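# Close look at the chain arrangement
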Amino acid sequence: MTQPVPSALHTSKLHSLPLLARGKVRDNYAVGSDRILMVASDRLSAFDVIMGEPIPGKGALLTQMALYWFDKLGDICPNHLTGEAPESAVQPDEVPQVQLRSMLVKRLKPVPIEAVVRGYLAGSGWKEYQESQAVCGVPLPAGLVNSAKLAEPIYTPAAKAEAGEHDENITFERTVEMVGPELAAQIRDISIAIYKKAAEIALTKGMIIADTKFEFGLDENGKLVLMDEVLTPDSSRYWPVEGYADALATGANPPSYDKQFVRDWLEQAKVNGKPWDKTAPAPRLPQDVIDKTAAKYREALERLTA
């Protein structure tokens, strides 16, 4: 039986905890000096602009999906979960804002690297390959097509940008300069190992994980810990296996479990008679786009956990 979808939450407002930061999707609150309450809102960003309308149930679905993967991947890398109920950190009147959509996690020192792993050539990776036959300095064979499966997953890190800025693709050598050779290699090797295991599991559910990004932090002993969200449709490109072969044959993008409905609508949306220029504020999303996007997120979780 599926859990009831909580009412939509665009922005959480907890009065009992100090707000640390609001990201595109998550609101982070300090719980003492050693823990953080991460609340996944129903906000959605496209083209780095946050939409005015929430996608009902999205935050809860993302959280349940991340918890599913944290449970599966603990043998490869420890994660930031404390094991405590998020509801225990807030006042009774705040519980509805937290239920199903939150994680109570350890406070870590974030590593300033987005650990991106690609098993397929898609998105910005495909664009870069067409220009240079390489992605983030990783050379690839000639003759690959859009959405092609790579012989082996590649690690293509990015440097975390300030809020509102684009993350910048960097080479592995640059990560060595940033964090030292030992930590850089550890992040790379663990990221590829996690991706391989997750991709294998997803395939048994009829889903392809084309690419994904991980975030890591260091605990008080300097140990590497997997943090933030993991393997959700917001941080990963999921494709259903059906439809992939046809897309590959025609050079099209395969159908995906993410916010593609929103992106496609925004690409043709007009503001004052002109195409939207992809700066805030975003045009108001129509109800059918909101509903279709919510259904896609729901389908991804249900398929994965079936």
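A few points on the structure. The shown structure was predicted, so the numbers you read here are calculated from the model rather than taken from an experiment. (Residues numbered from 1 in each chain as written. Predicted model: local features only at pLDDT ≥ 70, side-chain atom pairs only at ≥ 80, totals over all residues. Heavy atoms only, no water.)

## Quick word on the pairing of strand 15 (residues 224–227)
Residues L224 and L226 of strand 15 are buried on one face, and the alternating residues V225 and M227, pointing to the opposite face, are buried as well. As paired strands, strand 14 (residues 207–218) and strand 15 are joined by four bridges and run antiparallel to one another. The partner of G217 across the bridge, within strand 15, is V225. Between strand 14 and strand 15, which pair antiparallel and follow one another directly, the connecting turn spans five residues, one of which, G222, has a positive phi of 80°. (Buried < 20%, exposed > 50% of the residue type's maximum accessible area, 1.4 Å probe, protein only. Helix = DSSP H or I, 4+ residues; strand = E, 2+ residues; numbered from the N terminus. Pairing = 2+ DSSP bridges.)

## Quick word on the packing of aromatic side chains
By the definition in use, this model includes seven aromatic pairs. Centre to centre, the rings of W126 and Y129 are 6.1 Å apart; their planes meet at 20°, and the pair counts as stacked. Of the two residues, W126 and Y129 are both situated in helix 3 (residues 123–132); the distance of three residues between them amounts to about one turn of the helix. Each member of the pair, W126 as well as Y129, is classed as buried. (Phe/Tyr/Trp six-rings, centres within 6.5 Å; stacked < 30°, edge-to-face > 60°.)

## Some remarks on the nonpolar core
Counting 66 residues, the largest nonpolar core has M51, W69, F214, F216 and L231 as the members making the most contacts within it. Per element, the largest residue contribution to this core is twelve residues, and it comes from helix 5 (residues 181–204). Contact partners of M51, with chain neighbours within four places excluded, come to H10, L44, A46, V262, L266, W276, A282 and L285. L14, L17, L37 and V95 belong to the second largest nonpolar core, which has twelve residues in total. (Core = buried A, V, L, I, M, F, W, Y, C linked by side-chain atoms within 4.5 Å. Contact = heavy atoms within 4.5 Å.)

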